[in-house]
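Structural description and commentary
One letter stands for each residue in the lines below.
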Amino acid sequence: MNGIVMYLPHLAAAVCCMAAWAACARASQPDQQTLQRCSQDGKISYTNQPCPDGAHSTTLTVPAAPPADPASATELARQTALAEQLRQQRERRAAREERVEQRANLAARQQREKCARLQMAQRWATEDASRAPVPQREAAQLKASRAAQTLARECPR
């Protein structure tokens, strides 16, 4: 048993050397994949596993992807920056349009409220004119007429 222990460090060193050699050999070869084209009963399938029994098999080699082009990375960065700039412009435009719409809605609501007040004032003036005693009727009718004119001017239909 002592003899085996004596060779253990040498064995470990040999295993490490073989692993390093295999890694270097794999790194020196381009990354290629092999695929199996399997044809069985008129159906074609592609797999990285061996074809099933009875299937016609063709081995295909897929070449490694070409190295990255530095110009494409620069172009991608430029286009990404442009897309971000366009997104920010779109968001600012949408926010501006929303503010304009909110102002328009507020103005329309205020106008409706104003027209409702003027309509109520005109209705009350008409009622007052119809109930007014004879000596004040003419003044009440004039007030009702002016309320109707104000309503027509401020709230055209």
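Calculation notes
Residues numbered from 1 in each chain as written. Predicted model: local features only at pLDDT ≥ 70, side-chain atom pairs only at ≥ 80, totals over all residues. Heavy atoms only, no water. Salt bridge = Lys/Arg side-chain N within 4 Å of Asp/Glu carboxyl O. Helix = DSSP H or I, 4+ residues; strand = E, 2+ residues; numbered from the N terminus. Buried < 20%, exposed > 50% of the residue type's maximum accessible area, 1.4 Å probe, protein only. pLDDT = per-residue confidence, 0-100. Contact = heavy atoms within 4.5 Å. Disulfide = S-S within 2.5 Å. Pairing = 2+ DSSP bridges. Axes fitted to C-alpha atoms, helices over the stretch in contact; angles between N-to-C directions.

**Some details on the pattern of salt bridges**
One pass over the structure, following the stated rule, counts 5 salt bridges. As a salt-bridge pair, Arg 78 and Glu 75 come within 2.6 Å of each other at their nearest N and O atoms. Placement of the pair is Arg 78 and Glu 75 together in helix α2 (residues 70-131), with a separation of 3 residues, close to one helical turn. Overall, Arg 78 belongs to the partly exposed group, its relative accessible area being 46%. Judged by relative accessible area, Glu 75 falls into the partly exposed class, the value being 32%. Where Arg 153 meets Glu 154, a salt bridge forms, and the shortest distance between an N and an O atom there is 3.8 Å. Since its relative accessible area comes to 58%, Arg 153 is described here as exposed. Taken together, the salt bridges that share partners define one network made up of Glu 84, Arg 87 and Glu 91.

**Observations concerning the confidence of the model for the chain**
Of all residues in the chain, 80% have pLDDT values of 70 or greater, and the mean over the chain is 83. Element-level mean pLDDT values for the chain span from 50 in helix α1 (residues 2-28) up to 95 in α2. Low confidence marks residues 24-30, where pLDDT is under 50. Its contacts with residues over four positions away, or in another chain, come to 0 contacts.

**A closer look at the state of the cysteines**
Going through the model one piece at a time under the given rule, you end up with 2 disulfides. Bridging Cys 38 to Cys 51, the disulfide has an S-S length of 1.9 Å. On the sign convention where negative means left-handed, the S-S torsion of about -90° between Cys 38 and Cys 51 marks this disulfide as left-handed. Of the two residues, Cys 38 sits in strand β1 (residues 33-40) while Cys 51 sits in the loop between β2 (43-47) and β3 (56-62), which places them 13 residues apart along the sequence. Cys 51 shares its class with Cys 38; the two are buried. Two residues share a disulfide in this structure: Cys 115 and Cys 155, whose sulfurs sit 1.8 Å from each other.

**A few points about the sheet that holds β3**
Sheet strands line up and pair through hydrogen bonds in the backbone, either parallel or antiparallel. Taken in spatial order, the 3 strands make up an open sheet running β2-β1-β3, and their pairing is antiparallel. Edge positions in the sheet fall to β2 and β3, since each of these pairs with one other strand and no more. Each neighbouring strand pair of the sheet contributes to a mean axis angle of 25°, computed without reference to strand direction. Judged from the 5 bridges that link them, β1 and β2 form a sheet pairing that is antiparallel. Residue pairing across strands places Ser 39 opposite Ile 44, the latter belonging to β2.

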